[in-house]
Structures are given as C-alpha cells and as structure tokens.
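Below, each chain spelled out in residue letters.
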Amino acid sequence: GIYHIRGTVQGRCVDESARTRVRSEAEQIKAQLEADLFKRAVYGDKAVATFAEAADLYTVAGKPTDHLAPLLARIGLTPLRDIDQGLVDKLAAEMKPKGGPATRIRQIYTPISAVMNFAAPKLCDPIKLAKPKGSGKRVDYLTPAEVDRLLDFLPTHLARLVTFYVATGCRASEALALEWRDVSSRGERAVFWDTKMGYSRGVELQHRARDNLPPRPDENAFVWLNSNKEPWHAYDAVNLMLRRYCERNGFRHVSCHLFRHTWATWAYAATRDLTFLMQAGGWRSPTMVLRYAHAASDDLAQSVRDHGWEIRGGKRLRKRTKAEHPSHKSPRLAG
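As the structure is a prediction and not an experimental result, all values here were calculated from the model.

Draft legend 1. Examining the overall build of the protein more closely. Along the protein, the regular secondary structure elements total 14 helices and 4 strands. Taking all 335 residues of the protein together, the buried fraction comes to 43%. The long-range share in the protein, meaning contacts at least 24 apart out of those at least 6 apart in sequence, stands at 61%. Surface summary for the protein: the accessible area is close to 18300 Å², and the carbon and sulfur share equals 50%.

If you want it as structure tokens, here you go:
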C-alpha cells in the first residue's frame, strides 16, 4: 500500500500520505518534510514557503487564477525566497519563447507578482519585477465592419457572446462567470462580482448587448452556455472555437482579449472620456487606458455609431424602441 507519514516536529503534528509505495522514496519525502518543518519552526515561514503554498492562499481568497495553472506546474515547489528577477526572466523566455512583451507580462510577470505580493509579508517579502520593454506596441482591434462580418458566420450562441464582449469590454472570465441573478430584469444592467481588480463592477448594457442576451431561464444559472447548453469551463475553450470558425471562413485570428481591446478603442473614440473608460472597463489608472487613445479618431467614432454600437460615456443608456435604432444589418443610427 501507500506509505503514510505520521509524527510531530517542533510541536507540529504531521499526518499525510507519502504518495508512494516505495519505502526508499517515502523515507526521502519524510526527511525533506521533517527538515522543512524544522526550518519553518526555527526561521519562520519565509524560509521554506513555496510558490504553490502562496498560490493556494491567493486562490482561496477568491483572487483571479488566469494563467496560474502552467506556472504551478513549472515552479509550484520552488521556494518563494528563490523567485527573483532573474528566475522570472528565464521562466518567461522558456515558457513563452515566441510571446511578445505584452503576452509575457500578462501570463508570467503579472500572476507571479500578484501571488507573491498577496502572500507578503507572511510567506515572503514583497516583489517588484521589471517588466519587458516594448510592451507599448500597437494595440490591435477590430473595426465595426470586421465585427459585423465575424458575427455573420459564427453560430448563434457564439455570436451572442462575442456581441456581449464587444458591447461591454468585460474580461473573458467576467462574462463566463456572469449569472442571471446579476443581470437586471429588463437586461439593462449587469454586475461583475469576480473581477481581476478584486472589486465588483456594474455596467449599463447598450441595446446590442441587451438584444443578444440569451432567453432568461426560470432559475438562476450562468448566462453564457456552450453549444451543449453547459457553462463554458474556461475562456480558452471560447478562443479555440473562435479560431476554428475564423480559419474556416478565412478571417484573421481573434480572441476574447481582442474584443476587450476593440471595445476600449471604440469607447475612447466615441467619448474621449478616460474616467468612463477606467470605470466601465475596470482599470485602476489613466496610464493603463491611455494606449487606447492613440487609435481614436472622429471617423472611427462615426463608424461605430453607423454600425449601431451605442457608447455614451457616463450617461445612463435608455432602452430604445426598434424604430429608434437599427440592427447591425441596417447601419442607420443617428449621431
């Protein structure tokens, strides 16, 4: 059978599986566990705490877990004291050899620093990582005409979800976690409770977002379901489906994150309101949204309006009648 480790080290009781049937391996695990517990008792948690231990605290607290799984597989057992700038730089190069600065920052630097700073000062010292240069490259986005073409060939359940992303600018995980109890009875407002920034955010839904909400069920449930009428297990599954349909129809690669860039670029072009952009998109500082200002132009704002996308800054959106706004097939919305 599986060996079990029981006993007491420095007053701390141990009762756990060695997860092996080989006695020599179990002896090594026992010795390592005993040494770690001794160091922890004498020198404190910082001496032996691992990235996995910090990530567990971070996850239990309800913090966003995007991109954590690959990192846990790679450095889960690495002591926090050993994680520094050099290790993270090397890790980013090995895990994302073809990834640009923005990708490496989003998937490597940001989650590592978030986990470690959450665990500080109990398990480790706070960490401040220098991020790769060149992350200020051109922000990609879709034009209103491209979005309409994309919606034309996507299946209904996926087209509705994409419309919601483009109309709200919400993060991929925020939409998939949305439940019907968090959408107002007439579909005019939605509240995202589980957000990256750690605080809830309410958004007014423009008419295209309202019109493309799925039929509301009798009981509370997730709003967005896949083709099997089940909740999406992760936004990677959405991205995979988008890739398949785009390849079949000769359309460029798109992702949930691109829809957020698209909304932000359109929103600034239409409103010139950084405060609105920060509040509606869930950013903490103007610096984080200024990159979307570079592509803003009057002709882009006019195209957004002409294609029936309603973005009005801080003003409350009023539900219009069908006579007051067109569908995306008939772009005739007055400015």
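Draft legend 2. Region of interest: the side chain of Glu174. Mapped onto the elements, Glu174 comes out in helix α8 (residues 172-176). Exposure remark for Glu174: the relative accessible area of 2% places this residue in the buried category. Ignoring any residue separated from it by four or fewer positions in sequence, one finds Glu174 in contact with Phe192, Asp194, Thr195, Lys196 and Arg201.

Draft legend 3. Broad picture of the pairing of strand β1 (residues 4-9). In terms of strand pairing, β1 meets strand β2 (residues 12-17) through 6 bridges, oriented antiparallel. When the bridges of β2 are listed, Thr8 appears paired with Cys13. Counting the residues in the hairpin turn of β1 and β2 gives 2 residues, including Gln10, whose phi is positive at 50°.

Draft legend 4. Representation of the packing of helix α3 (residues 68-75) against helix α4 (residues 85-95) within the structure. The contact between α3 and α4 brings their axes to 12 Å, and the two run at 115°. When the axis of α3 is compared with that of α4, the two are roughly perpendicular. The two elements α3 and α4 meet at a crossing, and its hand is right-handed. Of the residues in α4, those touching α3 at Pro70, Leu71, Arg74 and Ile75 are Leu91, Glu94 and Met95. Its residues placed into classes, the contact of α3 with α4 shows 5 nonpolar, no polar and 2 charged.

Draft legend 5. Structural context of the packing of helix α11 (residues 256-271) against helix α14 (residues 298-306). Interaxial distance between α11 and α14 falls to 8 Å at its minimum, and their mutual angle equals 105°. Classed by the angle they form, the pair α11 and α14 counts as roughly perpendicular. Across from Thr265, Trp266, Ala269 and Ala270 in α11, the residues of α14 making contact are Leu300, Ala301 and Val304.

Draft legend 6. Spotlight on the pattern of salt bridges. Here the structure, examined in full by the defined rule, presents 13 salt bridges. The residue Glu188 makes a salt bridge to Arg186 at a minimum N-O spacing of 3.4 Å. Under the relative-accessibility criterion, Glu188 is labelled buried at 13%. Taking relative accessible area as the criterion, Arg186 reaches 59% and is therefore assigned exposed. Close ionic contact of Arg272 with Asp298 constitutes a salt bridge, the shortest N to O distance being 3.4 Å. Of this pair, Arg272 sits in the loop between α11 and α12 (274-281) while Asp298 sits in helix α14, placing them 26 residues apart in sequence.

Draft legend 7. Representation of the environment of Glu34. Here Glu34 shows up in helix α1 (residues 23-43). Overall, the relative accessible area of 42% leaves Glu34 in the partly exposed class. Each C-alpha atom of the pair Glu34 and Thr8 lies 8.9 Å from the other, and the pair is 26 residues apart in sequence.

Draft legend 8. Representation of the environment of Ala35 in the model. Topologically, Ala35 is positioned in helix α1. With 26 residues separating them along the chain, Ala35 and Val9 place their C-alpha atoms 9.0 Å apart.

Rules used in this analysis
Residues numbered from 1 in each chain as written. Predicted model: local features only at pLDDT ≥ 70, side-chain atom pairs only at ≥ 80, totals over all residues. Heavy atoms only, no water. Helix = DSSP H or I, 4+ residues; strand = E, 2+ residues; numbered from the N terminus. Buried < 20%, exposed > 50% of the residue type's maximum accessible area, 1.4 Å probe, protein only. Contact = heavy atoms within 4.5 Å. Areas by Shrake-Rupley, 256 points an atom, 1.4 Å probe, with all protein chains shown as cover. Pairing = 2+ DSSP bridges. Axes fitted to C-alpha atoms, helices over the stretch in contact; angles between N-to-C directions. Parallel < 35°, antiparallel > 145°, perpendicular 65-115°, else oblique. Left-handed = near helix turned anticlockwise from the far one by under 90°. Nonpolar A, V, L, I, M, F, W, Y, C, P; charged D, E, K, R; others polar. Salt bridge = Lys/Arg side-chain N within 4 Å of Asp/Glu carboxyl O.

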